[in-house]
Amino acid sequence: MTRDRATTDGTRGTAIEVHPVAGHIGAEITGVDLAGGLDDTEVAAIRAAVLRWKVVFFRDQRLDHTGHVEFARRFGEPVVLRRRGGASPEKHPEIETTADRLELGGRFGMEHDEWLRRRRHHLLRGWHCDHGARVDPPAATILRAETVPPYGGDTTWANLAAAYAGLSVPVQRFVDGLRAEHRLGVGYQPRPGDDAYVRHLLDHQVATLHPLVRVHPETGERVLYVNGYYVEQIDGLSRAESAAVLDMLLEQAVRPEYTVRFRWRPGSVAFWDNRATIHLAPSDNAHLDAPRIMHRVMLAGDVPVGVDGTPSQPLTGTAPGRW
């Protein structure tokens, strides 16, 4: 456990305590009220914990939509999405409510269960960073739980810096110089015959050539920049070679020792570094007939840079800062 003493003007004192919860990733932060207004020392302590542990958790917070956005602004510029679903709060364009996802399958003629099955037909497909096909994926995500099922619905994160460090030196040298295409929808398994979602993907392509190993802009760590949802082809390799290498790297990234799993409660908040993690949303709660209402704010990110200093290259449908 680490402890940081944070004070404002001398009239209020609070102790932020950072409690690691797994060996390589994840810490719970106590001693702070996110709705109470943070001073600069508290912001610095939370930022340092996010950079060190990649995802941090807060319990029993009293954030509403306004407070959620105000908290996020202390750490960066919230992203405003052009399109959200009906569950997202109209007066807070920075917030996306995850219940919107329940609407997505219906837009393309599918029940939600089928929608999930076609997106996650492979064991590793569900692992992703947020908006990884963009040339400038979000730097961080702050997710707040409003309503959760009585059991199930956990989220799991993996530390991509630790995964890279765990590779042998020859493999590190090999992947340091590679780049991979990240494309929206590559993991989707089409329906037989006409598929409205495939047509949608073809009309709204988003793709970027990212370094397979990115250098973290704040910590300088090398990050194994892979995920199961957007990446299917390593540039310059045959499809067979690419598939074998990506399977090896993804299995490395999500090894249990590099992960942490979080049990949500109402009022829980998770704040993660989207540049250095991938996460797995739950798939064990759909049959429980219990609502799971979560709200997220994403912070604008930068263009990834590889070990050789070369930035990511937009291929289609994406440009820095244009959401």
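Report on the accompanying structure. (Residues numbered from 1 in each chain as written. Predicted model: local features only at pLDDT ≥ 70, side-chain atom pairs only at ≥ 80, totals over all residues. Heavy atoms only, no water.)

**Details of the overall build of the chain**
Next, step 1: A count of helices and strands for the chain gives 8 helices and 17 strands.
Next, step 2: Based on the C-alpha atoms only, the size of the chain along its principal axes is roughly 65 × 45 × 35 Å.
Next, step 3: Counting over 323 residues, the chain shows a buried share of 53%.
Next, step 4: Here the contacts in the chain between residues at least 6 apart in sequence split such that 79% fall between residues at least 24 apart.
Next, step 5: Working note: accessible area of the chain is about 14500 Å², and carbon and sulfur atoms make up 50% of it.
Next, step 6: Both charge centroids of the chain, one from 39 positive and one from 42 negative side chains, sit 1 Å from each other. (Helix = DSSP H or I, 4+ residues; strand = E, 2+ residues; numbered from the N terminus. Buried < 20%, exposed > 50% of the residue type's maximum accessible area, 1.4 Å probe, protein only. Contact = heavy atoms within 4.5 Å. Areas by Shrake-Rupley, 256 points an atom, 1.4 Å probe, with all protein chains shown as cover. Lys, Arg positive; Asp, Glu negative; His and termini not counted. Charge placed at Lys NZ, Arg CZ, Asp CG, Glu CD.)

**Let's talk about the pairing of strand 6 (residues 140-147)**
Regular strands show a simple pattern: their side chains alternate between the two faces of the sheet.
Next, step 1: Counted residue by residue, strand 6 has 6 buried out of 8 residues, so it is predominantly covered.
Next, step 2: For strand 6 and strand 14 (residues 269-273), the ladder comprises 5 bridges, and the chain directions are antiparallel. Residue Arg 144 lies in a different strand from strand 14, and its bridge partner there is Val 269. (Pairing = 2+ DSSP bridges.)

**Overview of the environment of Asp 302**
Next, step 1: Mapped onto the secondary structure, Asp 302 falls in the loop between strand 16 (293-299) and strand 17 (313-316).
Next, step 2: On the basis of relative accessibility, which here comes to 30%, the residue Asp 302 falls in the partly exposed class.
Next, step 3: Each C-alpha atom of the pair Asp 302 and Gly 166 lies 26 Å from the other, and the pair is 136 residues apart in sequence.
Next, step 4: When sequence neighbours within four positions are dropped, the list of residues in contact with Asp 302 reads Val 135, Asp 136, Pro 137, Arg 214, Pro 217 and Arg 275.
Next, step 5: Side-chain polar atoms of Asp 302 contact the side chain of Arg 214, separated by 3.3 Å. (Polar contact = N/O pair within 3.5 Å; in protein donor to acceptor, adjacent residues only side chain to side chain.)

**Let's talk about the sheet that holds strand 12 (residues 231-234)**
Next, step 1: The 4 strands lie next to each other as 12-8-9-17, forming an open sheet whose pairing is antiparallel. Two strands bound the open sheet, and with one partner strand each, they are strand 12 and strand 17. Taking each pair of neighbouring strands and ignoring which way they run, the sheet shows an average axis angle of 30°.
Next, step 2: Pairing of strand 8 (residues 179-183) with strand 9 (residues 207-211) involves 5 bridges; the strand directions are antiparallel. Note that in strand 9 the partner of Ala 180 across the bridge is His 210. (Axes fitted to C-alpha atoms, helices over the stretch in contact; angles between N-to-C directions.)

**A closer look at the sheet that holds strand 15 (residues 277-280)**
Pairing between sheet strands relies on hydrogen bonds along the backbone, with the strands arranged either parallel or antiparallel.
Next, step 1: Pairing in this open sheet of 3 strands is antiparallel, and the strands run 13-7-15 from one edge to the other. Strands at the two margins of the open sheet, each flanked by one partner only, are strand 13 (259-262) and strand 15. With direction set aside, neighbouring strand axes in the sheet form an average angle of 20°.

**Notes on the pairing of strand 7 (residues 155-159)**
Next, step 1: Of all 5 residues that make up strand 7, 5 are buried, and the element is covered over most of its length.
Next, step 2: On strand 7, burial covers both faces: Thr 155, Trp 157 and Asn 159 on one face and Thr 156 and Ala 158 on the other are all buried.
Next, step 3: Note: strand 7 against strand 13, 4 bridges, orientation antiparallel. In the sheet register, Trp 157 faces strand 13, and the bridge partner there is Val 260.
Next, step 4: In terms of strand pairing, strand 7 meets strand 15 through 4 bridges, oriented antiparallel. Counted as the bridge partner of Asn 159 is Thr 277 from strand 15.

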